[in-house]
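# Descriptive analysis of the structure
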Amino acid sequence: MEDVKAYIESGVLELYVLGDLTPDERLEVERMALKYPAVNAEIAEIEKSMEMYAQEHAIEPSENLKDKIVNSTLVNLGDDSIFTKQRKHTDEIAYEDDNVITMPKRTQFYKYAFAASVALLLISIYGLVNLYSQLQESNTQLAVLQADKTKFANQVNLKDEQLKLYLDTNYHIVRLKGLPKTPSASMVLAWNPSTQKVMVDMNAVKLPKHDAEHQYQLWALVKGKPVDMGIFDNAAVDSAIVKEMKNVASAQGFAVTLEPKGGSINPTLNQMVVIGQF
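Let us look at the structure shown here. (Residues numbered from 1 in each chain as written. Predicted model: local features only at pLDDT ≥ 70, side-chain atom pairs only at ≥ 80, totals over all residues. Heavy atoms only, no water.)

Turning next to the sheet that holds strand β5 (residues 225-232). Strand-to-strand pairing in sheets goes through backbone hydrogen bonds, with the strands running parallel or antiparallel. Strands sit in the order β5-β4-β7-β8-β1-β2-β3-β6 across an open sheet of 8 strands; the sheet is antiparallel. With one partner strand each, in any of the chains shown, β5 and β6 (242-244) form the two edges of the open sheet. Shown here is a sheet whose adjacent strand axes are inclined to one another by a mean of 30 degrees, direction ignored. Where strand β2 (residues 186-192) and strand β3 (residues 197-206) come together, 6 bridges link them in antiparallel fashion. Residue N192 lies in a different strand from β3, and its bridge partner there is K197. (Pairing = 2+ DSSP bridges. Helix = DSSP H or I, 4+ residues; strand = E, 2+ residues; numbered from the N terminus. Axes fitted to C-alpha atoms, helices over the stretch in contact; angles between N-to-C directions.)

Here helix α3 (residues 23-35) is 13 residues long and its end C-alpha atoms lie 18 Å apart, about the 18 Å a rise of 1.5 Å per residue gives. Residues of α3 that are buried include every one of V29, M32 and A33, and no others. Buried residues of α3 fall within an arc of 100 degrees about the axis and therefore sit on the same side. Of the exposed residues in α3, those oriented more than 90 degrees away from the buried face are P23, D24, L27, L34 and K35. (Expected span 1.5 Å × (residues − 1). Buried < 20%, exposed > 50% of the residue type's maximum accessible area, 1.4 Å probe, protein only. Arc of directions from axis to C-beta.)

So, about helix α4 (residues 37-56). Compared with the 28 Å implied by 1.5 Å per residue over 20 residues, the 28 Å span of α4 between its first and last C-alpha is a close match. Turning to α4, its buried residues are V39, I43 and I46. Seen end-on, α4 carries its buried residues on one side only, within an arc spanning 65 degrees. Relative to its buried face, α4 has exposed residues pointing more than 90 degrees away, namely P37, K48, Q55 and E56.

Here the focus is unusual backbone geometry. One non-glycine residue, Q196, lies in positive phi territory at about 70 degrees. Summarising the element assignment, Q196 is placed in the loop between β2 and β3. Residue classification places Q196 among the partly exposed positions, given a relative accessible area of 31%.

The subject of this paragraph is the side chain of D233. In this fold, D233 is placed in the loop between β5 and β6. Buried charge without a partner: D233 forms no salt bridge, and the closest opposite charge is K243, 6.8 Å away. Here H210 takes part through its side chain, which lies 3.3 Å from a polar atom of the side chain of D233. One polar contact links D233 to Q215, side chain to side chain, over a distance of 3.4 Å. (Lys, Arg positive; Asp, Glu negative; His and termini not counted. Salt bridge = Lys/Arg side-chain N within 4 Å of Asp/Glu carboxyl O. Polar contact = N/O pair within 3.5 Å; in protein donor to acceptor, adjacent residues only side chain to side chain.)

A few words on the pairing of strand β1 (residues 172-178). Of the pairings in the sheet, the one linking β1 to β2 comprises 6 bridges and is antiparallel in character. By the bridge assignment, R175 is partnered in β2 with V188. Two strands pair when backbone bridges link them, and β1 and strand β8 (residues 272-277) are joined in this way by 2 bridges, in the antiparallel orientation. Residue pairing across strands places K177 opposite I275, the latter belonging to β8.

Between α3 and α4, whose axes approach to 5 Å, the crossing angle comes to 115 degrees. The chirality of how α3 crosses α4 is left-handed. Where α3 approaches α4, its residues V29, M32, A33 and K35 are matched on the opposing element by P37, V39, N40 and I43. Tallied by class, residues from the contact of α3 with α4 come to 6 nonpolar, 1 polar and 1 charged. (Left-handed = near helix turned anticlockwise from the far one by under 90°. Contact = heavy atoms within 4.5 Å. Nonpolar A, V, L, I, M, F, W, Y, C, P; charged D, E, K, R; others polar.)

Before going further, it helps to spend a moment on the pairing of strand β4 (residues 214-222). Most of β4 sits inside the fold, with 8 of its 9 residues counted as buried. Across 8 bridges, the pairing between β4 and strand β7 (residues 253-260) is antiparallel. Its bridge partner lying in β7, A220 is registered against F254. In this structure, β4 lies alongside β5, joined through 6 bridges in antiparallel fashion. Residue L221 lies in a different strand from β5, and its bridge partner there is P226. Where β4 hands over to β5, the hairpin turn is made up of 2 residues, of which K223 adopts a positive phi near 50 degrees.

Below, the structure written as structure tokens:
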């Protein structure tokens, strides 16, 4: 069920409704819709939402514009002077059609009907252009909403990962405290002896800000000797919520020092900011 939920939240169903998928991708969506009622229901809901949005934001052409188009078309198509040119002749000059029997003048109905049809066509084109513009704007807004949805989902996943650190009994929680020169500094990390993973809770990192030429480096205290666990920045620079460091099989504690950017082979002891032991 989690896979179906992830599939729905991936954004592919919105692209399917918008027609932005390849034929193979569309077939895959339709296969999922047949297999999972939740997917089919989500597609119907997206289509309904887009239809309601288009109806709500539809723009009717103004009455002045309609009247202007109809009047202009009727005047041009209804004026016989535009289509026929009056000719002159005298009694001395005979034309070939002088002996043709004149038929009764036909009604102008068809001419005006044609003019009205052209006017309606122009109005329809104007409406379609406006609708296309609205759809383009809707697509842009939908893309923004999808990006926000994805970002929010990622944040939720990271929060879940952060929560797991504190609920998983396999992790040992280590709270590193500041030294006399950095009394307000602190951070929290979790170490799993079984998997050897070390995770730093970046939300709990409270270390002094450093310049662009330095980074913080984590050290594991293994049998009294420091072992490099990787570098990281303070929470204001690093966007991660939970940061995975290097693995370590055993450790009696951890410490953090401020080192030149890229890290050092050995810790600079006079730049130590926090330390914590079991």
